[in-house]
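# Structural overview
So the chains spell out like this:
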Amino acid sequence: MVSAPRINKLKALRQMYQAASKSKEQRNTKKRTFLFLIFLPPFFLILFLISVPTYGQSYQTFRKELEQIAEQTKYRLGPFRIYPTIWFKDIGYDDNVYGKREEDEPISDYTMTISPEAKVYLLFRNYLILSLTESPEYVFYIKQKRERRLNNNITPEFKLLLFNRFVISGDYSSSNRRWRATSEFDVRANQHLERFRGRFFYESARRTSLGVSISVTKISFEDIISPEEEIHLSRALSREEIKSYFEFNYKIFSESFFFLNGEYAEYKFGHIESQWRNSYSYQVNSGLRFPFVGRIRGTFSLGYKRLTPVRAGKTSFSGLVGDTSVLLRIRRFNFRFSYNRDCRFSYFTDNIFFLESRYGIGISYYLTRYVRLDYDFWYGIANYPELILLRMPDETYNEIERRDIYRTHSVGFVVRIIRNTGLGIRANFWERDSNISGIKRDRIFVGGYLTYEF
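Owing to the predicted nature of the structure, the values given are computational and were not obtained by experimental measurement. (Residues numbered from 1 in each chain as written. Predicted model: local features only at pLDDT ≥ 70, side-chain atom pairs only at ≥ 80, totals over all residues. Heavy atoms only, no water.)

Here the focus is the side chain of Asn261. The residue Asn261 is located in strand E12 (residues 257–269) in this model. Within the structure, the side chain of Asn261 is placed 3.0 Å from the side chain of Tyr245, a separation counted as a polar contact. Apart from the residues lying within four places of it in its own chain, the contact partners of Asn261 are Tyr245, Phe246, Glu247, Phe248, Gln283, Val284, Asn285 and Arg289. (Helix = DSSP H or I, 4+ residues; strand = E, 2+ residues; numbered from the N terminus. Polar contact = N/O pair within 3.5 Å; in protein donor to acceptor, adjacent residues only side chain to side chain. Contact = heavy atoms within 4.5 Å.)

As structure tokens, then:
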């Protein structure tokens, strides 16, 4: 017989072995997870061997689109031409997942976003293009399970050429995603967007195009309800947008275009409590579009907009708007400049909209053919036109115009993998300040990404 002390000793040894095995298994699991995160992007990169399509214009002529489909689609399955891409974004550490104030103890986590995309084309001779774009996106957080989300966007489209000059096209787009729709959003929120659009254009042999389009877009939000806050976005922001659009594009260089656009839009809010936000707007934009290859790339666009609320007595907007993003490459340097200015609908009860202006500058330097250093800075201002009634510390009340200031610094480097494809690491430092209390926020994100613009 085995004595009791010996039995106890054997049990103790067995427990120690089990604990050691469990600890070893945990270490192996962490190691496998680390290796998975490290080698997953290169694996998919090799699998797809892809590049980014060079669609630089808002409207692409029929013949130019045929050329690009023939040149860029890499795979064929019977009559179908398939163009797959995959994106890896925000693979790293977020120190303020829910956009909380510092005194409210922000929550940090590790995150990763994977976004494959497939464009499928079906061509009928030289007069009809049928296409389908499917763009799923999975956002993963290790600890914050409520933030994990499968987003998706799907867009079928047709383009029909008539009499060698006229093009009729139409598309439907459905997008369901969880994100920060505007700079007001500290917490990501679910948004569903559904759009129907029809176009009729005249195209010349020199790729000059002139046409009109009509679109109907339904935008709906889900409310943000948690123990910390309750924001009824569905009441404040869910709406229907009806737009009629005029567009003229004239080729001035080999791949550069002068454009002139005009738009009339009506905004109808769905909830009865928010119908006082109903508005309409007129807008005219003009500028230059540059190709995605060459020394100068991007779009230079400035215009005028007038947004008028239907309800009398509410503040309207009229003035300069812009949507400019230009890159200039000189030897080993890339210089970037961006300017965006427009009205955004606000979910705060005091204001229908806020006017947001964003200025951005950046520089990249190529240390070698395979290593690039990046730095970018953005400065933003959000002005609210309606006075806000605030309770002061001395128990009095005061009316002020809210004004928010945003600053973002981004530093990083990119290593070329193949052609124009590279793997990058960057750190973003974002902060927001305001002239009213409780709005100040800051966030740091450090992580990697896959880029096709080395």
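Counting buried positions along strand E21 (residues 441–451) yields eight of eleven residues, so the element is predominantly enclosed. Two strands pair when backbone bridges link them, and strand E2 (residues 80–94) and E21 are joined in this way by four bridges, in the antiparallel orientation. Looking across to E21, one finds that Ile91 is bridged to Gly448. Here strand E20 (residues 421–434) pairs with E21 via eleven bridges, running antiparallel. Note that in E21 the partner of Ile425 across the bridge is Gly448. (Buried < 20%, exposed > 50% of the residue type's maximum accessible area, 1.4 Å probe, protein only. Pairing = 2+ DSSP bridges.)

Even without glycine at this site, Glu105 takes up a positive phi of about 60°. Phi angles above zero are rare outside glycine, and Arg207 is one such case at about 70°. Here Arg207 shows up in the loop between strand E7 (189–203) and strand E8 (209–221).

What follows concerns the environment of Arg297. Mapped onto the secondary structure, Arg297 falls in strand E14 (residues 296–309). Accessibility expressed as a relative area gives 24% for Arg297, which makes it partly exposed. In sequence terms Arg297 and Val326 are 29 residues apart; their C-alpha atoms lie 5.8 Å from each other. Apart from the residues lying within four places of it in its own chain, the contact partners of Arg297 are Phe290, Pro291, Phe292, Ser325, Val326, Leu327 and Arg329.

This part takes up the nonpolar core. One recurring pattern in soluble globular proteins is that nonpolar side chains are buried together. Ranked by size, the top nonpolar core spans 27 residues in total, and within it Phe185, Leu233, Leu237, Phe317 and Tyr347 carry the most contacts. Those elements that provide at least two residues to this core are strand E4 (128–141), E8, helix H3 (233–237), E12, strand E15 (317–330), strand E16 (333–345) and strand E17 (353–366). Every residue in contact with Phe185, bar those within four places of it in the chain, is listed here: Arg180, Phe221, Leu233, Leu237 and Tyr347. Core analysis: the next-biggest nonpolar cluster, separate from the first, contains nine residues, Phe62, Ile69, Ile129 and Val167 among them. (Core = buried A, V, L, I, M, F, W, Y, C linked by side-chain atoms within 4.5 Å.)

Another point: the packing of aromatic side chains. As enumerated under the stated definition, the model contains 22 aromatic pairs in all. Consider the rings of Phe185 and Tyr347, whose centres lie 5.4 Å apart with planes at 80°: the pair is edge-to-face. Highlighted residues: Phe185 in the loop between strand E6 (166–179) and E7 and Tyr347 in the loop between E16 and E17, separated in sequence by 162 residues. An identical accessibility class is assigned to Phe185 and Tyr347; each is buried. Pairing Tyr264 with Tyr282 gives two aromatic rings, centres 5.1 Å apart and planes at 45°, and the pair type is tilted. A residue pair is termed long-range when its members are at least 10 positions apart, and Tyr264 in strand E12 and Tyr282 in strand E13 (residues 279–290) qualify at 18 residues. Within the aromatic cluster, the residues linked to one another by ring pairs are Phe185, Phe221, Tyr347, Phe348, Phe354 and Tyr384. Across the ring face of Tyr59, the terminal group of Lys159 is positioned such that the distance to the ring centre comes to 4.8 Å. Across from the ring centre of Tyr449, 4.0 Å away, lies the NZ or CZ of Arg426, which sits over that ring. (Phe/Tyr/Trp six-rings, centres within 6.5 Å; stacked < 30°, edge-to-face > 60°. Lys NZ or Arg CZ within 6 Å of the ring centre and 35° of its normal.)

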